[in-house]
Structure formats: C-alpha cells, structure tokens
Amino acid sequence: MSTTTKDESEPVADLNPRSTTYEFLGPPGAFLISFGVPFMTYLLYFGCSEESGGCPPPLQSVPDRFVEALSDKTFWASLWDTEASLIYLGWYAFCVVAWAVLPGDWVEGVTMRTGEKKKYKINAFSTFLFAMGISCGYIIRNGPESFTFLYQKWIGFVTASLVMSLVQAFYVYASSYRTGALLALGGNSGNFIYDWYIGRELNPSIGSFDIKSFNELRPGLILWVLVNMSMVCEQAARRGGFANVTDSIWVVLAFQTWYVADALYNEPAILTTMDITTDGFGFMLAVGDLTWVPFVYSLQARYLVFKPVELGPLRTAGILAFNLLGYYIFRDANGEKNDFRNGRNPKNLKYFTTSTGSKLLTSGWWGRSRHPNYFGDLLMAFAWSLPTGFDTPITYFYVVYFAVLLIHRQRRDDENCEKKYGKDWETYKKLVPYRIIPYVY
C-alpha cells in the first residue's frame, strides 16, 4: 500500500463522503442503545448483588422495588459518590501520565484514506505492570481490607465511568467539526444522535495522544483486573485472609488477568482491528471501553464475593483445560493472521488471491472458519463463567452477550469484505464456508 500523502487541495468531501447506510437500526437504535447500555450496567448490579437480596433477588419483589426506586430521590442520589468519582478521575489521570512518561516504541498503523500512517505509542503493557506493582504493594503493606473500596463503592465507580464516557463522547463529536478532521466512513450521516453514538471522527487526538487507541486498552481493561483484585480482597477480608479465599475466584482472577496481560503485551495487534481502522470514536466505544468492560466483564468475580464456590482439584483442572484450549485457538489464529499480514508465512499456509491482489488465508485456523479467533474467545468466555457454578444464569450473561457481539462483528466484516472483494468474496466463502465455529456456524 502506498504511504504517500494525497494532494492537500483534494476536496474534503472526497475524503469524508456522507454516510449512506446505518447500523444498529439507525438513529432510533443508537438512541435506545445509548440509554440501554448504562441501564443494563446498573441492572446487572441491582439484579445480582447482596444489596438487592440475591442473584437474582426474589422475583415477586422486583416490580414494587423498581417502581419505588424510580420515585425515590435518595435512590437517584445514591448513584453518585464523590469520593469514587475523584478516585476514578485520578485513575484515568494516572493512565494518561503513564502513557506520557513511560518509554515505548512509536508504531505506525495502517494506511489511511489520506495516504498517511498514524503513529501510536506502545506502552500499555508497561502501564499495566506499573499499576499492578503499585496495587500489589499497597495490598501487601495495608492488608486486603484496604483494597475493597471498588466493591464497596461499586455504583459510584460505574456512574463516574459513565460521566467520563459522556464527556468524551460530546468532546470528540464537537471537535470533529474542525477543519481537516478525517471522519469515519460510517459516522458522517448528518444525524446528531447517530453520529454522536457511532463516532464521527476516525481518530480523534490531542496532539500525539490518540484518544481511541488509548481508551481501547488502558483505563478500562486494566481497571477490569483491579476490580477483580478488589473482589478477591473483599472475600479475603470476610473469610480471614488470602489463605481462605476460594479457588473459584482465584481461577477467575487468573484467567481474566492473563487475558488482559496478553492483549496489552500484543498491543500493536489492535492497530489492524476494525475498531481502530474503520470505526469512529463516539459514545459506543467510550462507554464500552470505560464502563462496560470493567464493570460488566467482572460480574463473575463480584458474584463469587457473596456466593463463594469451592471447585476442588478436578473441576479446577477441567475448567483450566477448557480455558487453555480457547486461549490456544485464539492466540494461534491471531498469530497466523498477524504473520501473514506482515509478509511472513512460517506455516506455509495456503491462500486465495483476489483480482485486486489481496490474499486471503484458506488453511490453518483460517481455513476452518472465517473468524477462528472469535471461536477461541467464546470458549474462554464460557470458561470464565464456569467457576460460578449453575445456581444462576446471570453469571453467564457475558457469554450470551459476547456471542451476540461477535456474530454482529462477523456479519459487519462479511458485508465490508463483500463490498471490497465482490465476486471473489463469494469464491472465498465456498473455500471457507464456516463463519466462526468450524462445522457448526
């Protein structure tokens, strides 16, 4: 691909054409999801917590309690916690400072429509290790009780993250109207609600600080691990120390920490993902990165605080094997893809060459399905929920949600590839007929 810059006199409209199609059912869907995501985040807490009386709480009491809460000013006031908000703001500032001061390579992303390549600072893993070191040292010095505040002030932190998401969404939307901004092809519809939600500008930045890639990996993803650590500390404080913490919550912490560490260690890999190359940054990604990831993905660990489960050696080994299988498929498939995109083919994988010269893998994991990494992701998601047992379906919400998300992404990708490759895509689908799960879907 060419890296030369297009003529600066080229009309902006040529680079930023008006979007002609909608996703998520257009503006009505964007409006509903913008309210639905915060509502669901709160609902997963009040529908599965000690405060509400169980997971789920007694169903016969839900309608009356729901109506009562909506009309109660003290309930609405309880959603805000000034101390939690200040801590959250401090956490976000810590991540920004760490990005700025910790060393890291500057890596080029893919070629954009302007012909340019944006550079990204790669130090998310260093930020993670720094945060882990500080947190673990604090816990060792002050005891598990000192790190239970994320559990104790859960709702306050959720609200703080939502406020941050809203502030960022409005800021990047307003700044997208400056001269020279490169817009996302799918975020320039002219409808405020839709463009604000989906993301109007492709890569909103403040100087060299890229807001989208920063949010993608740092404040929410690392906070997810810190939240899980707080859940372990809460259980330790209740049960008389870390020696009495259940194996189930240790398993969840280990699985999800490894997943986060792996993503951060392989930070350059996100530069070729749809989130970075195609989607704009708006409320959809902001609330997903900052609220949904740390406070919904940690549901299993939070549940195990008040509903401890002892797995025993055999069940632990089985769940571990299941998770390792998913991780192997996820990592090996991504490795094949990244090697191939970077001009390497150590496994001598077969590929199909399109009429435009593009090459599509047709063997290895990518010959088994068009998104084998999603299959590995789903296996891991199921393994993360298994330690909670089967007393409630709510702790398996993440698996269901993640399946819907990945199927939606797969369909978006197929539509984009069909537009890009035309008839060649139909030929490729005959060579690789399965979408995610080999021989099933």
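Here, the structure is the one placed above.
Caption draft 1: Quick look at the overall build of the protein chain. When its secondary structure is counted, the protein chain shows 20 helices and six strands. Considered along the principal axes of its C-alpha atoms, the protein chain spans approximately 65 × 50 × 45 Å. Within the protein chain, the proportion of its 441 residues that are buried is 53%. Long-range pairs, those at least 24 residues apart, make up 77% of the contacts in the protein chain between residues at least 6 apart in sequence. As presented, the protein chain carries roughly 21,000 Å² of accessible surface, and 63% of it is formed by carbon and sulfur atoms. On the protein chain, the mean spot of the 38 positive side-chain charges and the mean spot of the 39 negative ones are 5 Å from each other.

Caption draft 2: Seen up close, the environment of N123. Tracing the backbone through its elements, the reader meets N123 in the loop between β2 (117-122) and α6 (124-142). Separated by 301 residues in sequence, N123 and D424 have C-alpha atoms that sit 39 Å apart. Every residue in contact with N123, bar those within four places of it in the chain, is listed here: A98, W99, L102, P103, G104, R218 and E267.

Caption draft 3: Focus on the pattern of salt bridges. The final tally for this structure, using the stated rule, is 17 salt bridges. Two residues, R412 and E23, come together in a salt bridge whose shortest N-O distance is 2.8 Å. Of this pair, R412 sits in helix α19 (residues 397-421) while E23 sits in the loop between α1 (12-15) and α2 (26-46), and the two are 389 residues apart along the sequence. One salt-bridge network, held together by shared partners, links E23, D279 and R412.

Caption draft 4: Representation of the state of the cysteines. In this structure the tally under the stated criterion is one disulfide. Through a disulfide, C48 is tied to C55; the S-S separation comes to 2.0 Å. Looking down the S-S bond of the C48 and C55 bridge, the torsion is -95°, so its handedness is left-handed. As far as burial versus exposure is concerned, C48 and C55 are alike and both buried. Among the cysteines around C95, which has no disulfide bond, C136 carries the closest sulfur, lying 16 Å off. On the basis of relative accessibility, which here comes to 0%, the residue C95 falls in the buried class. Left without a disulfide partner, C136 is nearest to the cysteine sulfur of C233, which lies 8.8 Å away.

Caption draft 5: Region of the structure containing the packing of aromatic side chains. Tallied over the entire structure, the rule returns 44 aromatic pairs. Seen in terms of ring centroids, W384 and Y398 are 5.6 Å apart; in terms of plane orientation they differ by 20°. Their pairing is stacked. Taken together, the residues span a long stretch of sequence, with W384 in helix α18 (residues 372-385) and Y398 in helix α19 at a distance of 14 residues. Across the pair, Y398 and W384 agree in class, each one buried. Members of the aromatic cluster, joined through ring pairs, are W224, Y259, W292, Y297, F330, W384, F397, Y398, Y401 and F402.

Caption draft 6: Examining a nonpolar patch on the surface more closely. The grouping of F39, L43, L59, V62, F66, V67, L70 and W76 at the surface amounts to a nonpolar patch, some 780 Å² of accessible area in total. Of all the secondary-structure elements, those providing two or more residues to the nonpolar patch are α2 and α3 (62-70). When residues of the nonpolar patch are assigned to their parent elements, the largest contribution, four residues, is made by α3. Its location among the elements puts W76 in helix α4 (residues 73-78).

Caption draft 7: Examining the side chain of N203 more closely. Looking at where N203 falls in the secondary structure, it is placed in the loop between α9 (192-198) and β3 (205-206). Note on N203: relative accessible area 10%, which makes it buried. If sequence neighbours within four positions are ignored, N203 has contacts with M112, K118, Y120, L182, D210, K212 and I276.

Caption draft 8: Highlighting the pairing of β2. Bridge count for strand β1 (residues 105-111) against β2 is five bridges, and the pairing is antiparallel. Bridging from a neighbouring strand, V107 pairs with Y120 of β2. Two successive antiparallel strands, β1 and β2, enclose a turn made up of five residues, where G115 displays a positive phi of approximately 90°.

Caption draft 9: Structural detail: the side chain of S85. On the secondary structure map, S85 appears in helix α5 (residues 82-101). Overall, the relative accessible area of 12% leaves S85 in the buried class. With residues near it in sequence (within four places) discarded, S85 still touches W80, G156 and A160.

Caption draft 10: Quick look at α6. With 19 residues, α6 should cover 27 Å at 1.5 Å per step; its first-to-last C-alpha distance of 27 Å lies within 8% of that length. When we look at burial in α6, the residues that qualify are A124, T127, F128, A131, M132, S135 and I139. Relative to the axis of α6, the buried residues are bounded by an arc of 130° and lie together on one face. Across α6 from its buried face, at more than 90 degrees, point the exposed residues I140 and R141. Contacts made by the buried residues of α6 are with α5, β2, α10 (211-217), α11 (219-239) and α12 (247-265). Looking one or two residues beyond α6, the residue adopting positive phi is G143, at roughly 90°.

Conventions we followed
- Residues numbered from 1 in each chain as written.
- Predicted model: local features only at pLDDT ≥ 70, side-chain atom pairs only at ≥ 80, totals over all residues.
- Heavy atoms only, no water.
- Helix = DSSP H or I, 4+ residues; strand = E, 2+ residues; numbered from the N terminus.
- Buried < 20%, exposed > 50% of the residue type's maximum accessible area, 1.4 Å probe, protein only.
- Contact = heavy atoms within 4.5 Å.
- Areas by Shrake-Rupley, 256 points an atom, 1.4 Å probe, with all protein chains shown as cover.
- Lys, Arg positive; Asp, Glu negative; His and termini not counted.
- Charge placed at Lys NZ, Arg CZ, Asp CG, Glu CD.
- Salt bridge = Lys/Arg side-chain N within 4 Å of Asp/Glu carboxyl O.
- Disulfide = S-S within 2.5 Å.
- Phe/Tyr/Trp six-rings, centres within 6.5 Å; stacked < 30°, edge-to-face > 60°.
- Patch = residues over 30% accessible without salt bridge, like charges linked within 9 Å, V, L, I, M, F, W, Y side chains within 5 Å.
- Pairing = 2+ DSSP bridges.
- Expected span 1.5 Å × (residues − 1).
- Arc of directions from axis to C-beta.

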